[in-house]
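The chain contents come next:
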Protein chains: 2
Amino acid sequence: MDGPSSRLRFSLSIFFFSFVLFFVFIPSWCRPLDEPKLLRQKQLFPSSKSRIRKTKTHPSSQAVRHPLDPLTAEEIIRVRSILRSHPPFGSSLPPIHSLSLHEPEKADVLAWKKGDPLPPRRAFVLALSDGRTHELVVDLGSGRVAAHSVESGSGYPLLTMEDLTAALQVPFTSAEFNESIRARGLPMSNVTCVPPSTGWYGRAVEEQRRVIKIQCFDQEGTSNYYMRPLEGLTMTVDIDRREIVEFSDSGRGIPIPKSTGTEYRYGSVEEEEGRDRVPPLKPISMEQPDGPSFTVEDGHIVKWANWEFHLRADHRAGLVISRARVRDPRSGALRSVMYKGFVSELFVPYMDPDEGWYFKTYMDAGEYGMGVSAMSLVLLSDCPRNAYYMDGTFAASDGTPYVQSNMICLFERYAGDISWRHSESFISGSKIRESRPKVTLVARMASSTGSYDYIFDWEFQTDGLIRVKVGLSGMLMVKGAPFANMKNVPGEYEMTGPLVSENVIGVVHNHFMTFHLDMDIDGPNNSFVDVRLEKEATPPGRSPRKSYLKAKRRVARTEGDAKIKLKLYDPSEFHVVNPSRLSRLGNPSGYKVVPGGNAASLLDLDDPPQLRNAFTNNQIWVTRYNRSEQWAGGLLAYQSRGDDTLATWSERNRPIEDRDIVLWYTLGVHHIPCQEDFPVMPTVQLSFDLKPVNFFDSNPILHASPNFEKDLPVCSMAASS
Amino acid sequence: MDGPSSRLRFSLSIFFFSFVLFFVFIPSWCRPLDEPKLLRQKQLFPSSKSRIRKTKTHPSSQAVRHPLDPLTAEEIIRVRSILRSHPPFGSSLPPIHSLSLHEPEKADVLAWKKGDPLPPRRAFVLALSDGRTHELVVDLGSGRVAAHSVESGSGYPLLTMEDLTAALQVPFTSAEFNESIRARGLPMSNVTCVPPSTGWYGRAVEEQRRVIKIQCFDQEGTSNYYMRPLEGLTMTVDIDRREIVEFSDSGRGIPIPKSTGTEYRYGSVEEEEGRDRVPPLKPISMEQPDGPSFTVEDGHIVKWANWEFHLRADHRAGLVISRARVRDPRSGALRSVMYKGFVSELFVPYMDPDEGWYFKTYMDAGEYGMGVSAMSLVLLSDCPRNAYYMDGTFAASDGTPYVQSNMICLFERYAGDISWRHSESFISGSKIRESRPKVTLVARMASSTGSYDYIFDWEFQTDGLIRVKVGLSGMLMVKGAPFANMKNVPGEYEMTGPLVSENVIGVVHNHFMTFHLDMDIDGPNNSFVDVRLEKEATPPGRSPRKSYLKAKRRVARTEGDAKIKLKLYDPSEFHVVNPSRLSRLGNPSGYKVVPGGNAASLLDLDDPPQLRNAFTNNQIWVTRYNRSEQWAGGLLAYQSRGDDTLATWSERNRPIEDRDIVLWYTLGVHHIPCQEDFPVMPTVQLSFDLKPVNFFDSNPILHASPNFEKDLPVCSMAASS
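Residues numbered from 1 in each chain as written. Chains lettered and ligands numbered in written order. Predicted model: local features only at pLDDT ≥ 70, side-chain atom pairs only at ≥ 80, totals over all residues. Heavy atoms only, no water.

Okay, the overall build of chain A next. Secondary structure assignment for chain A yields seven helices and 33 strands. By the burial criterion, 67% of the 721 residues in chain A qualify as buried. Pairs at least 24 apart in sequence give 69% of the contacts found in chain A among residues at least 6 apart. (Helix = DSSP H or I, 4+ residues; strand = E, 2+ residues; numbered from the N terminus. Buried < 20%, exposed > 50% of the residue type's maximum accessible area, 1.4 Å probe, protein only. Contact = heavy atoms within 4.5 Å.)

What follows is the structure, encoded as structure tokens:
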């Protein structure tokens, strides 16, 4: 591929931005593939003389062995070939914005058993042709397009790398842009631009075309150009026509923040005079000399302790857990917990109405893709030494496959925590001190959507609990400010966030992460139960107590009954149960979602970004299962108007009692930045749990073993390198 | 000590109950000491042929080296001796309910430097004489009682072991009790009783005397007698007169639950036929062949990475963190964060108005003591192999010292998490993949207040964050029920919790844990700032956005301004700042409390248990520092009436702006039990954070190092034992 630098007079680094995915074709870590045999041998990183246990066994020739296995490079090539001979497209393939597995019907997946022939392999494709989104289902077996429709609603599919690279080149041919850079006294070689999505605001310039914003930074003296905005310079670019349609340059008086203290690369961080460095910590490592207790069969089936699930990479959702099942310690049977779980959409609105900021209301999954944004994990630091790695294989916009290597890691985790314990105290007898260490299994991916990094963990516990964690790190989106100290803030200036460095404001924003949780507790048909704790007054004379709480179960009959806003003073547990599967005691088998990391969106319900992200109007929703309702912000999120969201689907108010239902839960956080977030943010972690309630007949890890000294490894320091 | 079994015809095991502390005099793990030289050498457990690294170096002869060091055994003996010659007590020492360090004035502690002479060593003593609580301050230097007053408010001090053992013996001499046991067809040798606290309900029987409840269980066939209640049998015992003052026996028709499936001891859990055991996991361990990076100097000063704090065991609070300071990476100076942090009180109300249940509204810290309830930690399972252990030295009711061995552990934790990361994506240049592993330091204690186990963690991060975690495990308090299956619940029966096993109801309850957090950000004088996010409407024509959020700072002027009920739709950050310490940018230095694990008490404000535990009326409070206001539920919590709580102190509405202030935060959870909690509960974990906000000039761990393969240990499995 020709780099833009060869075509432009200045050295142009095209970067992607906070929220921006990256479609990567860099040979050393991600390359297009013409033939599956070109799939390179995995180079674990650091690659030379590594003592890292290479637990990854590359799926031999990427054979498909499970109905939910993602498309292989070979299959992607075949899909491309089928599309190229699809008559409506003529001889030229339109840009492919999405090309991934078209999952078989749930019933077919559930009926399938190892050894059975696979259901027909199909691809789901979104292509953009003549400004319209084409949705295709390609059947690999027959070599034909099985379905082809043109979308009529609002919005466009995920941006492609070509969209972004093309848009980023546009300003450099603009006299206005060149003049603006010159006026700021910058050499063009220092200028780096990023392409934030434009949202949708009902403005004429957004109508009938795909537009994107371009903003630029001074990259001199630092790799962390995010901290050096050319504030006030914002362009709106027509992605397809490759022209600037709006140019705004209001901030020439605002100094570009200095690069001092912004660098973060190891080895590039210069010692500052007088800096007192914290002494380095002695090595500590999670060690498993006997190897891990999990296996990854057929490339995607993870088996660990009492758990079994299918794990795959997806270009949009990133990491997808399917068919999570847990073994019942009594019957020995694998029992269904969740058919599918993944992050469906993110909503990241910034709280600044200025021309250069109002539009920053990202939908990272639907606009850029959490999978395409998930770069290779950093071995030893992103995941512990005992991790196993899995790649993603995705399609580029020309329909060719490429590999996102080491995109997911999987590791057992012992953090010194306790699964359960009890110490007994008594006088006339022996003592009891029982404790069981907690070991869990973590599946992780980290998506770098431009400046921000999202670390997604799915953590499986032997007691049946699934903890879903999101870590937020990376760089803030900052605003250039005309002052360097709070004492110099002009009276008329509206602070939209705190000053986090000289001339740098960290703008207040939210992160909402909405999860699609297709719970299938002991089978598809489930009910959602609001177990509300209500205060009861004791009848006079009944008790010295005046009040107590009582748990009352209310089964949601329709989707409208299951729109939940969490309330501290009106608390409930939220259960998904199988009303047909009663325990030995007569309790329905269930799991509950245990909220955590809560923040609500406070924007006006009719503010355009909130309309588009109306899935954040409640913290919990339950919908009737519908295989096409996967993306909370709509299949076509880019410039969407909110006509295809979880909120609109739920308006149908479908019956959900004893049906196949999907639970949606939104993690959220208000982020008021602070100095500590500069120049890179210490990870903030949020999480929620899916926890068994009357699913097991009793504590499923009663028989777990304590740790014994004789079983622990003997370790020494490595010989000096 | 004479066991009751030698005095009673039946074999009596006296156990303690859910919430019950244990004052332990069992030779092998806790013994009274007449002379400090008798302090036994620590027997690490398992003691024989252990390869566990014994990082603990027993403080040589328990020298006192810091003003906040707890009383040594020698000092306790001296206090006892001083008290015995204190004229008002005559020759017989009244029962000692509390004997611990009387901390020097904060100013004296802050002024003290290593090498300075220690401030006068004093003991704070609560003794009960003639039904009244005597509060004494004993000066060790002068050998005199420096202050002596008699409490006039409601309530009594912590129960002593003698109180509990004496009360537990009372029923066995009662004909009514013997008849009741006989009527249930039980041999007396199977009966085990526990002493739940009685609360206070304004009943005549509670007036002018200390009373306690006694309830009993069938211990046949299981060590987990908690699961086998003799439902409906409840006695109220006058602790001091040793007589039953109320006898209630209403549940003879309720079957005693079977012992099947209740055992939990390793090796005693019998295999059930057909049980499919989960395959054991392969060993996994946190390894540090070079040893830990922390040191414990002078027995109590913990130094690790950029942190330094004083750690001690306290009989009431359990684990106390004092003078937590963090090193500024820029100046190299140790900067004050928190003068003192500890769990001040717990409130655990059960939600059942029945005669045998209404009173269960425990105040575990003030009634039983979290420190006395903190049994020795189980090596390798409660704490990882790399842990260091610390003992507690407390006074028994006769004033003699005893050692609670291995009561606190301290370890570095690497859980595979990420301190910060960023992956950069670009086309025309090199790639950036930066990630830093997260290693933390954990100080842990586990209190077994009867059936329940509370695991308290104080986790220190290098980025300045302190995470306070509470894990809940152990046994439920269960209620015997006349039915074994939900389908047989009689229409008139009021379920106060779910059926968790045959004839066993897990009664709904709350846990509230209120923390005293004496934040001293860069010095004692701080302010509390409510940084509220408020929705703003954009002026017409200003922006395509209709709404955004704005952070508004409101400094609390008085205690009344800082009574916070958390609201999802009216969110704030809660900062403690030093208004005199501005950063380079002009922001005040601060920490914020990040709530987590929230549940509010919904009981009537005038319900007696809520009056006594009115500190749970808000989730956050801020008070003016007052050294006597340590215990949120009152110094004398037992049978207290709520006249000395955080809520009553706050009514004074003292000014708190730019003063020495204390932050109080309450973690809470509603617990609706489930089958999985039977017969022992998988740990439920709650946490909140204390997080720097504009305390550091920038990310303090920017210079942290990634992991390198060459630095990691080389491990193999131990030779077979």
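This is not the end of the story, as more comes after the structure.
To continue, consider the relation of the copies chain B and chain A. Rotating chain B by 180° about the axis while translating it 0.0 Å along that axis superimposes it on chain A, leaving an RMSD of 0.0 Å. This pairing of chains is accounted for by a two-fold axis. Counting the interface residues of chain B, we find that 100% of their copies in chain A are interface residues as well, pointing to one common contact surface. (Least-squares fit on C-alpha atoms with pLDDT ≥ 70 in both.)

Here the focus is the pairing of strand β18 (residues 401-424) of chain B. Residue and element names in this part refer to chain B. Of all 24 residues that make up β18, 24 are buried, and the element is covered over most of its length. With antiparallel pairing between neighbouring strands as the criterion, strand β17 (residues 388-395) and β18 make up a hairpin whose turn holds five residues, including G399 at a positive phi of roughly 85°. Relative to strand β19 (residues 432-449), β18 is paired through 13 bridges, and the arrangement is antiparallel. In the sheet register, F411 faces β19, and the bridge partner there is V442. (Pairing = 2+ DSSP bridges.)

Residue and element names in this part refer to chain B. In total, this model carries five disulfides over all chains according to the counting rule given. Note that C193 is cross-linked by a disulfide to C216, the S-S spacing being 2.2 Å. On the sign convention where negative means left-handed, the S-S torsion of about 95° between C193 and C216 marks this disulfide as right-handed. Here C193 is found in strand β6 (residues 191-194), whereas its partner C216 is found in strand β7 (residues 211-218), with 23 residues between them in sequence. Taking relative accessible area as the criterion, C193 reaches 2% and is therefore assigned buried. (Disulfide = S-S within 2.5 Å.)

Here the focus is the packing of aromatic side chains. All names here are of chain A. Using the criterion set out here, one finds 54 aromatic pairs over all chains in the structure. A ring pair is formed by F483 and Y493, whose centres lie 5.0 Å apart and whose planes are at 90°; its orientation type is edge-to-face. With a gap of 10 residues between them, F483 in the loop between β22 (478-480) and β23 (499-501) and Y493 in the loop between β22 and β23 connect regions that are remote in the sequence. Among the residues examined, Y493 registers a relative accessible area of 21% and is labelled partly exposed. Geometrically, the ring pair formed by Y665 and F688 is tilted, given 4.7 Å between the ring centres and 55° between the ring planes. Of the two residues, Y665 is situated in strand β31 (residues 659-671) and F688 in strand β32 (residues 681-693); the sequence distance between them amounts to 23 residues. Clustering of aromatic rings is evident, with ring pairs tying together Y452, Y454, F456, W458, F515, Y665 and F688. Positioned above the aromatic ring of Y339, the side-chain terminus of K106 is 4.7 Å from the ring centre. (Phe/Tyr/Trp six-rings, centres within 6.5 Å; stacked < 30°, edge-to-face > 60°. Lys NZ or Arg CZ within 6 Å of the ring centre and 35° of its normal.)

Any two side chains of opposite charge can pair, so long as their charged atoms come close to each other. Under the counting rule described, the total for this entry stands at 124 salt bridges over all chains. For R122 of chain A, the salt bridge goes to D139 of chain A, with nearest N and O atoms at 2.8 Å. With R122 of chain A in strand β3 (residues 122-129) and D139 of chain A in strand β4 (residues 132-139), the pair connects residues that are 17 residues apart, well separated along the chain. Taking relative accessible area as the criterion, R122 of chain A reaches 31% and is therefore assigned partly exposed. In this structure, the salt-bridge partner of E297 of chain B is K303 of chain B, at a minimum N-O distance of 3.0 Å. Overlapping salt bridges bring together D352, D354, K479 and E494 of chain A together with R542 and K550 of chain B as one network. (Salt bridge = Lys/Arg side-chain N within 4 Å of Asp/Glu carboxyl O.)

Moving on, we get to the interface of chain B and chain A. One frequently used descriptor of interface size is the decrease in accessible area upon assembly of the parts. Tallying the contact residues gives 202 residues for chain B and 201 residues for chain A. Both sides together, the interface formed by chain B and chain A hides about 18500 Å², and carbon and sulfur atoms give 56% of it. The tally of links between chain B and chain A comes to 24 salt bridges. Residue D453 of chain A pairs with R421 of chain B through a salt bridge whose shortest N-O separation is 2.7 Å. Counting the contacts that link chain B with chain A gives 110 residue pairs in polar contact (both at pLDDT 80 or more). It is β18 of chain B that contributes the most residues to the side of chain B that touches chain A, 14 residues altogether. Tallied by class, residues from the side of chain B that touches chain A come to 96 nonpolar, 53 polar and 53 charged. By the bridge criterion, three bridges tie strand β10 (residues 285-287) of chain A to strand β10 (residues 285-287) of chain B in an arrangement that is antiparallel. Bridge assignment links E287 of chain A to a residue of β10 of chain B, and that residue is S285 of chain B. (Buried area = accessible area lost by both parts, 1.4 Å probe. Polar contact = N/O pair within 3.5 Å; in protein donor to acceptor, adjacent residues only side chain to side chain. Nonpolar A, V, L, I, M, F, W, Y, C, P; charged D, E, K, R; others polar.)

Time to look at unusual backbone geometry. In terms of backbone geometry, most residues other than glycine have negative phi values and most peptide bonds are trans. Residue P679 of chain A is bonded to the preceding F678 of chain A through a cis peptide linkage, with omega at 0°. If you trace the backbone, P679 of chain A turns up in the loop between β31 and β32. Of note, A305 of chain B is a non-glycine position whose phi angle comes to about 45°, a positive value. In this structure, A305 of chain B sits in the loop between β12 (301-304) and β13 (307-314). A positive phi angle, near 60°, is found at N694 of chain B, a position not held by glycine.

Here we take up helix α3 (residues 161-169) of chain B. Counting buried positions along α3 of chain B yields eight of nine residues, so the element is predominantly enclosed. Those residues of α3 of chain B lying buried are M161, D163, L164, T165, A166, A167, L168 and Q169 of chain B.

On to helix α1 (residues 73-84) of chain B, then. Residue and element names in this part refer to chain B. Taking 1.5 Å per residue, 12 residues should reach 16 Å; α1 reaches 17 Å between its end C-alpha atoms and fits that length. Of all the positions in α1, only A73, E75, I76, V79, I82 and L83 are classed as buried. Where the residues of α1 are buried, they touch β2 (96-101), β3 (122-129), β4 (132-139), β5 (144-150), β17 and β18. (Expected span 1.5 Å × (residues − 1).)

In terms of nonpolar packing, the biggest core is built from 277 residues, with M513, F515 and F528 of chain A together with M513, F515 and F528 of chain B touching the most fellow members. Residues within four places of F515 of chain A in sequence aside, it is in contact with F342, V343, S344, F456, W458, V468, V470, L663, W664, Y665, L667 and F688 of chain A. (Core = buried A, V, L, I, M, F, W, Y, C linked by side-chain atoms within 4.5 Å.)

Let us look at the side chain of R203 of chain A. Inspection of the secondary structure assignment puts R203 of chain A in the loop between β6 (191-194) and β7 (211-218). Classification of R203 of chain A by relative accessible area gives buried; the value is 16%. Sequence-distant contacts of R203 of chain A, that is, excluding residues within four places in its chain, are made with K213, E246 and Y358 of chain A together with P544 of chain B.

Note on sheets: strands pair through backbone hydrogen bonds, and any given pair is parallel or antiparallel. Residue and element names in this part refer to chain A. Strand order in the open sheet formed by four strands is β2-β3-β4-β5, and the pairing between neighbours is antiparallel. At either end of the open sheet lies a strand with only one pairing partner, and these are β2 (96-101) and β5 (144-150). When the angles between neighbouring strand axes are averaged without regard to direction, this sheet yields 15°. Where β3 and β4 come together, eight bridges link them in antiparallel fashion. The partner of L126 across the bridge, within β4, is E135. (Axes fitted to C-alpha atoms, helices over the stretch in contact; angles between N-to-C directions.)

This brings us to the sheet that holds β22 of chain A. All names here are of chain A. Pairing in this open sheet of three strands is antiparallel, and the strands run β22-β24-β23 from one edge to the other. The open sheet is flanked by β22 and β23, the only strands paired with a single partner. Pairwise comparison of adjacent strand axes, ignoring direction, gives a mean angle of 45° for this sheet. In terms of strand pairing, β23 meets strand β24 (residues 504-506) through two bridges, oriented antiparallel. Each residue of the ladder has a partner; that of L499, found in β24, is I505.

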